[in-house]
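Here are the chains, one letter per residue:
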Amino acid sequence: MFPLVPALYVLAVVGIAELARRIARRDVAAIAAAAVALAAGGRAAIHHALPPQHASPRVVEWAAIGSYLRAHFPRATVATVPIGAIGYYSRLPILDLVGLTEPDIARAGRSVPAELLTRTWIGHERHCTECVLARAPSLIVTTMHRERPWRELSEARAGFYADWLLLQEIKAGRAPYHVLDAEVMPGDHILMFERTP
């Protein structure tokens, strides 16, 4: 049906022009047809409207993270969960912590423990900590944010289970990363970890 769209668009413009010409001549039938069309169109617009929606209201923040990474770490490899906007705006190699784009992580067969699993984890429950650490990403970007800078490892938190597992390795000293604070927007500090050389 798509090839018909341009032709239908031209016909609609010609029809609207003809209708406007007839209304200008005060053609009662044309005025009635325009009123019916407007009423039907208005009803359809109200009853079939789709509300604005997106997967997460934090997409603007993730885009800012991507831009920040591109400006400050142009050669980094990044491990994170929100790979879409961060990957698009950073244009950097992205390691997906939950395996949506990483076959090794997806096939590792590990999931969030059943007692912690909720509907919000669907599609984000996979993990493979050793797979991530073997790839040695330059940066690990978490979903944790707040208004003040992240300074100490002891205050670091995780949002996703895959993040939490990596954080346990970092806190135990088994993964060579240190806290990196990134103010990606005024008053919006993101918790990141940078690989220690």
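Residues numbered from 1 in each chain as written. Predicted model: local features only at pLDDT ≥ 70, side-chain atom pairs only at ≥ 80, totals over all residues. Heavy atoms only, no water.

A. Local environment of the pattern of salt bridges. Taken as a whole and judged by the stated rule, the model has seven salt bridges. The closest approach of N and O atoms between Arg135 and Glu102, which form a salt bridge, is 3.0 Å. Of this pair, Arg135 sits in helix α6 (residues 129–135) while Glu102 sits in the loop between β2 (94–96) and α5 (103–107); the two residues are 33 residues apart in sequence, bridging distant segments of the chain. A salt bridge links Arg146 to Glu155; the nearest nitrogen and oxygen atoms lie 2.9 Å apart. The exposure class of Arg146 is buried, given its relative accessible area of 15%. (Salt bridge = Lys/Arg side-chain N within 4 Å of Asp/Glu carboxyl O. Helix = DSSP H or I, 4+ residues; strand = E, 2+ residues; numbered from the N terminus. Buried < 20%, exposed > 50% of the residue type's maximum accessible area, 1.4 Å probe, protein only.)

B. Layout of the side chain of Arg146. Relative to the helices and strands, Arg146 resides in strand β3 (residues 139–146). Among the polar contacts listed, one links the side chain of Arg146 to the backbone oxygen of Arg148, at a separation of 3.1 Å. For Arg146, the side chain forms a polar contact with the main-chain oxygen of Pro149, separated by 2.7 Å. With residues up to four places along the chain from it excluded, the contact list for Arg146 reads Arg151, Glu155, Gly187, Asp188 and His189. (Polar contact = N/O pair within 3.5 Å; in protein donor to acceptor, adjacent residues only side chain to side chain. Contact = heavy atoms within 4.5 Å.)

C. Fine view of the packing of aromatic side chains. Considering all chains together, one arrives at two aromatic pairs under this definition. Taking the centre distance of 5.0 Å and the plane angle of 80° together, the rings of Tyr88 and Tyr89 count as edge-to-face. Accessibility expressed as a relative area gives 59% for Tyr88, which makes it exposed. The partly exposed category is assigned to Tyr89, whose relative accessible area is 37%. Taking the centre distance of 5.7 Å and the plane angle of 20° together, the rings of Tyr161 and Trp164 count as stacked. Taken together, the residues Tyr161 and Trp164, both in helix α7 (residues 161–171) and three residues apart, mark about one turn of the helix. (Phe/Tyr/Trp six-rings, centres within 6.5 Å; stacked < 30°, edge-to-face > 60°.)

D. Quick look at the nonpolar core. Grouped together as the largest cluster of nonpolar side chains are 20 residues, with contacts concentrated most on Leu97, Val132, Ile140 and Phe193. Elements represented by at least two residues in this core include exactly α7, β4 (177–185) and β5 (188–195). Here this core takes four residues from α7, the largest share from any one element. Core analysis: the next-biggest nonpolar cluster, separate from the first, contains 18 residues, Ala64, Val78, Ala85 and Leu180 among them. (Core = buried A, V, L, I, M, F, W, Y, C linked by side-chain atoms within 4.5 Å.)

E. Structural context of the pairing of β3. Most of β3 is tucked away, with six of its eight residues classed as buried. Here three bridges tie strand β1 (residues 78–80) to β3, and the two strands are oriented parallel to one another. Among the inter-strand pairings, Ala79 is bridged to a residue of β3, identified as Ile140. Where β3 meets β5, five bridges bridge the pair, whose relative direction is antiparallel. Paired with Ile140 across the bridge in β5 is Phe193. (Pairing = 2+ DSSP bridges.)

F. How the structure looks around the packing of helix α1 (residues 4–24) against helix α2 (residues 28–47). The N-to-C vectors of α1 and α2 enclose an angle of 130°; their axes lie 8 Å apart at closest approach. Relative to α2, α1 is oriented oblique. As for how α1 packs across α2, the hand of that crossing is left-handed. Side by side, α1 and α2 meet where Leu19, Arg22 and Ile23 of the first sit next to Ala30, Ile31 and Ala34 of the second. Looking at the contact of α1 with α2 residue by residue, the class counts come to five nonpolar, no polar and one charged. (Axes fitted to C-alpha atoms, helices over the stretch in contact; angles between N-to-C directions. Parallel < 35°, antiparallel > 145°, perpendicular 65-115°, else oblique. Left-handed = near helix turned anticlockwise from the far one by under 90°. Nonpolar A, V, L, I, M, F, W, Y, C, P; charged D, E, K, R; others polar.)

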